[in-house]
Amino acid sequence: MVSVLKIVDLHAKVEDKEVLKGLNLEVKQGEVHAIMGPNGSGKTSLAYVLMAHPRYKVTQGDILLDGQSILALRTDQRAKLGLFLGFQYPVEVPGLRFGSFLRTLATEVRGDKTPLSQFYSQVKQNLARLGFDESFLSRSLNEGFSGGEKKRAEIVQLMVSRPKFAVLDETDSGLDVDALKVVSEAINSMRGPEIAFILITHYQRILKYVRPDVVHILVDGRIVKSGDYSLAEEIERKGYESIKEAMTNA
Ligand SMILES: Nc1ncnc2c1ncn2[C@@H]1O[C@H](COP(=O)(O)OP(=O)(O)O)[C@@H](O)[C@H]1O
Ligand SMILES: [Mg+2]
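Residues numbered from 1 in each chain as written. Chains lettered and ligands numbered in written order. Predicted model: local features only at pLDDT ≥ 70, side-chain atom pairs only at ≥ 80, totals over all residues. Heavy atoms only, no water.

- Under an unreviewed UniProt entry, the name given to the protein chain is Fe-S cluster assembly ATPase SufC, and the organism recorded is Candidatus Marsarchaeota G1 archaeon BE_D.

## Here we look at the overall build of the protein chain
- A count of helices and strands for the protein chain gives eight helices and twelve strands.
- Across its three principal axes, the protein chain shows a C-alpha extent of roughly 60 × 40 × 35 Å.
- Classification of the 250 residues of the protein chain by burial places 50% in the buried group.
- Within the protein chain, residue pairs in contact and separated by at least 24 positions form 68% of the contacts whose partners lie at least 6 positions apart.
- A total accessible area of about 11,800 Å² is found for the protein chain, and carbon and sulfur atoms account for 50% of it.
- Across the protein chain, the 33 positively charged side chains and the 32 negatively charged ones have centroids separated by 2 Å. (Helix = DSSP H or I, 4+ residues; strand = E, 2+ residues; numbered from the N terminus. Buried < 20%, exposed > 50% of the residue type's maximum accessible area, 1.4 Å probe, protein only. Contact = heavy atoms within 4.5 Å. Areas by Shrake-Rupley, 256 points an atom, 1.4 Å probe, with all protein chains shown as cover. Lys, Arg positive; Asp, Glu negative; His and termini not counted. Charge placed at Lys NZ, Arg CZ, Asp CG, Glu CD.)

## Thoughts on the sheet that holds strand E5 (residues 68-69)
- An order of E2-E1-E4-E5 is seen for the four strands of this open sheet, with the pairing classed as antiparallel. Two strands bound the open sheet, and with one partner strand each, they are strand E2 (17-28) and E5.
- Across two bridges, the pairing between strand E4 (residues 56-65) and E5 is antiparallel. Each residue of the ladder has a partner; that of Leu 64, found in E5, is Ser 69.
- Here helix H1 (residues 43-50) sits on the sheet in contact with strand E1 (4-14), E2 and E4, set at roughly 65 degrees to E4. (Pairing = 2+ DSSP bridges. Axes fitted to C-alpha atoms, helices over the stretch in contact; angles between N-to-C directions.)

## Quick notes on the coordination of the magnesium ion (ligand 2)
- Surrounding the magnesium ion (ligand 2) are the protein donor atoms Thr 44 (OG1) and Gln 88 (OE1), at 2.0 to 2.2 Å. One end of the pair, Thr 44, is in helix H1; the other, Gln 88, is in the loop between strand E6 (83-86) and strand E7 (93-97), and 44 residues separate them in sequence.
- Owing to a relative accessible area of 14%, Gln 88 belongs among the buried residues under this scheme. (Donors = N, O, S within 2.8 Å, 3.2 Å for Na, K, Ca; no water.)

## A closer look at the UniProt feature "domain: ABC transporter" (unreviewed entry) in the protein chain
- Feature annotation in UniProt assigns "domain: ABC transporter" (unreviewed entry) to the following positions: residues 5-245.
- Taken end to end, residues 5-245 comprises 36% helix and 30% strand; its first and last C-alpha atoms sit 31 Å apart. (UniProt positions renumbered as here; feature names shortened; annotations may be inferred.)

## Here we look at the site of ligand 1
- In the vicinity of ligand 1 lie 14 residues, with Val 19, Gly 40, Lys 43, Thr 44 and Ser 45 positioned nearest.
- In the model, an oxygen atom of ligand 1 is placed 2.7 Å from a nitrogen or oxygen of the Gly 40 main chain.
- Contacts to ligand 1 include Gly 42, whose backbone N or O atom sits 3.1 Å from an oxygen atom.
- Compared with its free state, where it exposes 570 Å², ligand 1 has 67% of that area covered by protein. (Near = heavy atom within 4 Å. Polar contact = N/O pair within 3.5 Å; in protein donor to acceptor, adjacent residues only side chain to side chain.)

## Considering the pairing of strand E10 (residues 196-201)
- Where burial is concerned, most of E10 is hidden: six out of the six residues are buried.
- One ladder, built from five bridges, connects strand E3 (residues 32-36) with E10; its direction is parallel. Counted as the bridge partner of His 33 is Ile 198 from E10.
- Here five bridges tie strand E9 (residues 165-169) to E10, and the two strands are oriented parallel to one another. By the bridge assignment, Leu 168 is partnered in E10 with Leu 199.

## As for the sheet that holds strand E12 (residues 222-227)
- With mixed pairing, six strands are arranged side by side in an open sheet as E6-E9-E10-E3-E11-E12. Each of the sheet's edge strands pairs with one partner strand only, and the pair in question is E6 and E12. Between one strand axis and the next, the sheet turns by 20 degrees as a mean value, whatever way the strands run.
- Each of E6, E9 and E10 touches helix H5 (residues 147-161); the most contacted strand, E6, lies at about 165 degrees to it.

## A few points about H1
- Judged by how many residues are buried, H1 sits mostly within the fold: seven of eight residues are covered.
- Turning to H1, its buried residues are Lys 43, Thr 44, Ser 45, Leu 46, Ala 47, Val 49 and Leu 50.
- Downstream of H1 by a residue or two, Ala 52 has a phi angle that is positive, lying close to 65 degrees.

## Let's talk about the packing of helix H3 (residues 98-110) against H5
- Taken N-terminus to C-terminus, the directions of H3 and H5 make an angle of 35 degrees; their axes are 9 Å apart at the nearest point. The handedness of the crossing between H3 and H5 is right-handed. Two secondary-structure elements touch here, H3 through Phe 98, Phe 101, Leu 102, Leu 105, Ala 106 and Arg 110 and H5 through Ala 153, Val 156, Gln 157, Val 160 and Ser 161.
- Tallied by class, the residues present in the contact of H3 with H5 amount to eight nonpolar, two polar and one charged. (Left-handed = near helix turned anticlockwise from the far one by under 90°. Nonpolar A, V, L, I, M, F, W, Y, C, P; charged D, E, K, R; others polar.)

Below, the structure written as structure tokens:
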């Protein structure tokens, strides 16, 4: 069965500021959606609300996974159901070894029972693919990682988690062009009927490498326009202002 993530009339607040104002979105396993939007439009808020960030409160609407509301579920429960978030600003966690974290992700999130040595040999392939050497496994998660390394480390976590719905929040920002290609190739290699991607991005750049099936424009807490890849090209040419003007004139 193909899983469906459906967001219906979602309203959410953080610290009394309304950040989502009636957002609708439906994503099916196997699809790649891009969510583009200007700074401050609510892209990260959407990602956080999907993963049950404790500071964000849903005030109206629902998030349904295969028809069931997940609003009452904690972050770890949502992760076990197959939701994943790659952070825009990954957090440093001193004392938590990257290697142990990856192992815990695999065992806790998807019940992986691969023997340790076999698990780490797979992980080492993923690391190499993302341009890391093995020494990173014994380092603290993200601590002292460069901006690009933090972003690439999110992709290693994604490969280990194997979610049904992967939300990647501006994974492209802060990557140089070579790293962007490496990350895009990794995403493309994972593409398939088992996984959906929600690529949150400010720029069209990553979408040249990872072609989305659908492009959505998020402005002021709601999706104001959806279309195919040509919508991303239009934004690149005309900027977000053109969309906002079209909205105010409508
Ligand atoms: N903790 C917070 N308190 C108050 N306002 C916030 C907080 N976090 C985010 N915001 C505001 O919510 C809006 C949406 O932010 P965000 O979702 O991060 O946008 P984007 O990711 O699209 O740039 C912005 O106006 C931002 O300043
Ligand atoms: Mg953001």
